[in-house]
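The residues making up each chain are set out below.
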Amino acid sequence: MTIFSSREGGIGAVEGELDVNEAVAKAEDDGPHQWCQSVPYLHVDQTTTMPLTNFKTPEKYEYQNGFGAYHETEAVEGALPIGANNPQKAPLGLYNEKLSGTAFTAPRHENQQTWLYRVLPASAHGPFEARETSTFDTNPGVHGKERWHQIPNQLRWDPFDLDETVDWVHSLRLVAGAGDPTMKSGLGIFIFAAGKDMDPHEAFYSADGDLLIVPQHGVLDIHTELGKLLVRPNEICVIPRGIRHRVTLPEGPVRGYMLELYQGHFQLPELGPIGANGLANVRDFQAPIAAFDDDTETEHTLLAKFAGHLFAAKQNHTPFDVVAWHGTYYPYKYDLARFNTIGSISYDHPDPSIFTVLTAQSDHVGTAIADFVIFPPRWLVAEDTFRPPWYHRNTMSEFMGLIHGQYDGKTGGGFQPAGASLHNVMSAHGPDAATHEKARNAELKPMKVGEGSLAFMFESCLMVGVTEWGLNKCAKVQRDYNEESWAPLKAHFKRPTTAKFVNGAARDAGGEVGDRAAVPHYT
């Protein structure tokens, strides 16, 4: 059966003719303002008062607000102990359990720990056994058969296909990355595309890192140990290392991007002279409230991603039995429409770091293992300025994705929703020829760009390798990316005939040598 969407926002189904990928591509061609669907996709009503996304799928859960806050929540009154964290007998016959996201002795401002009060401890399961060893390998290098392709080429991918045959766990495809989760160093960049709910009696966690999930298409209903999150396109979600969860798809197939952070945790960027507020504000992040099941009779399967490989264990009770919790280590989500964009109101295009939503710093302050950056709708008013992103070579690697619309830095048509690009360390990049010509001749009046669009970037100080799946097996790499984007650029330089030449330029031009006194490094 094929799922399709209408311009009026409805959905339907037809037998044959279009598969789900063709149906979604057709709907996306209609433009982000004209449609929304229950496969589903974001519909942004441009009449909506900022800063909220007008989601087609309504919220159904309650949350606690605040990033990095100390939260506490109980699903049954009296389940949280008063004062003590580890009483001899926890209230209501529950078990005390501590979940540590950092070392016990991490500095107070970094320390992330949560106390759980649950029906049975998380340790009550059978031994883990390796599963799908020939097909599930997300740690290229010394720990598996997969290897990185380390190449300097600029890369761009066509939209990745939906896959209706797999669930969340088996939808994860490693595209690029660096480092080693066994050393808690680096990151992995994934594409996910799923069409099936996880089994009702399964749960999954990653011991390798924190999962930053960026949906592009479809709704994720994520049941975690600490509560439930509904995550839609134009929202992001972070599930910290080790937290068990189950993902269902209430409105059909999903697709998106995911960054797994192997070291540290995400934090908000420092604001410096911006002041106390701006960018992603603390109050706009949402954490779940406690929600539990008390099934102690049904067999469940616990899936673990450990060192990039998949393991499974059996247990005779639900993993989702946390009745109450308090602490600083928990999943959370954020509506990207709430981002308070900062920009120049005089001249020049500031560095894209002003669009940073979340950052994970290396041991060198200001240099990130991973930054999550967005390019939302925004006003451009800079005078005498080339307004799109400038041409650039960067010591950082830049992986970009497009959630919906058209990215204002790439208007030639090759960068599409559900596609991606990678500009690795010192790989030159910038606006395509069409964008450059339009921008250099544009009337510089105040203008809003990115209407109905949202692009993002995973930026890292690490040199990013590409997997065999990402480079070849997915069959999505655009082999003509360079030729299409930058080969058409024209040289506009005209050698002056009357101006003075300096620094030896006149030796080849036959002109007059400039004034030595005006040229400090004259040779």
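Residues numbered from 1 in each chain as written. Predicted model: local features only at pLDDT ≥ 70, side-chain atom pairs only at ≥ 80, totals over all residues. Heavy atoms only, no water.

In the nomenclature of an unreviewed UniProt entry, the protein chain is known as homogentisate 1,2-dioxygenase of Friedmanniomyces endolithicus. Check the Sequence similarities (unreviewed entry) section of the UniProt entry for the protein chain; it says "Belongs to the homogentisate dioxygenase family." (UniProt positions renumbered as here; feature names shortened; annotations may be inferred.)

(A) Local environment of the packing of aromatic side chains. Across all of its chains, the model carries 20 aromatic pairs by this definition. On the numbers, 6.1 Å between centres and 80° between planes, the contact of Tyr407 with Phe415 is edge-to-face. Each member of the pair Tyr407 and Phe415 is classed as buried. An aromatic cluster of at least three residues, connected via ring pairs, comprises Trp157, Phe160, Tyr257, Phe372, Phe399, Phe456, Phe458 and Trp469. Over the aromatic face of Phe55 sits the side chain of Arg232, whose NZ or CZ is 3.8 Å from the ring centroid. (Phe/Tyr/Trp six-rings, centres within 6.5 Å; stacked < 30°, edge-to-face > 60°. Buried < 20%, exposed > 50% of the residue type's maximum accessible area, 1.4 Å probe, protein only. Lys NZ or Arg CZ within 6 Å of the ring centre and 35° of its normal.)

(B) Spotlight on the confidence of the model for the protein chain. Residues with a pLDDT of 70 or more make up 87% of the protein chain, whose mean pLDDT is 89. Across residues 1-18 the pLDDT falls below 50, and counting only partners more than four positions away or on other chains, this stretch makes 42 contacts in the model. Here residues 30-49 scores under 50 on pLDDT; set against residues more than four positions off or in separate chains, the count is 73 contacts. (pLDDT = per-residue confidence, 0-100. Contact = heavy atoms within 4.5 Å.)

(C) Expanded view of unusual backbone geometry. Even without glycine at this site, Leu92 takes up a positive phi of about 65°. With respect to the helices and strands, Leu92 occurs in the loop between β4 (71-74) and β5 (95-100). With a phi angle near 55°, Ala307 is a residue other than glycine that sits in the positive phi range. For Ala307, the position within the fold is in the loop between β19 (300-306) and β20 (309-315). (Helix = DSSP H or I, 4+ residues; strand = E, 2+ residues; numbered from the N terminus.)

(D) Local environment of the pattern of salt bridges. One pass over the structure, following the stated rule, counts 15 salt bridges. When the shortest N-O distance is used, the salt bridge between Asp208 and Lys305 registers 2.8 Å. In this pair, Asp208 sits in the loop between β11 (202-206) and β12 (210-217) while Lys305 sits in strand β19, placing the two residues 97 residues apart along the sequence. Lys305 shares its class with Asp208; the two are buried. Between Asp284 and Arg338 there is a salt bridge, and its shortest N-O distance comes to 3.0 Å. Remark: Arg338 occurs in the loop between β22 (332-335) and β23 (356-361) and Asp284 occurs in the loop between β17 (254-261) and β18 (286-288); sequence separation between them is 54 residues. Through salt bridges with shared partners, a single ionic network connects Glu59, Arg232, Glu235 and Lys333. (Salt bridge = Lys/Arg side-chain N within 4 Å of Asp/Glu carboxyl O.)

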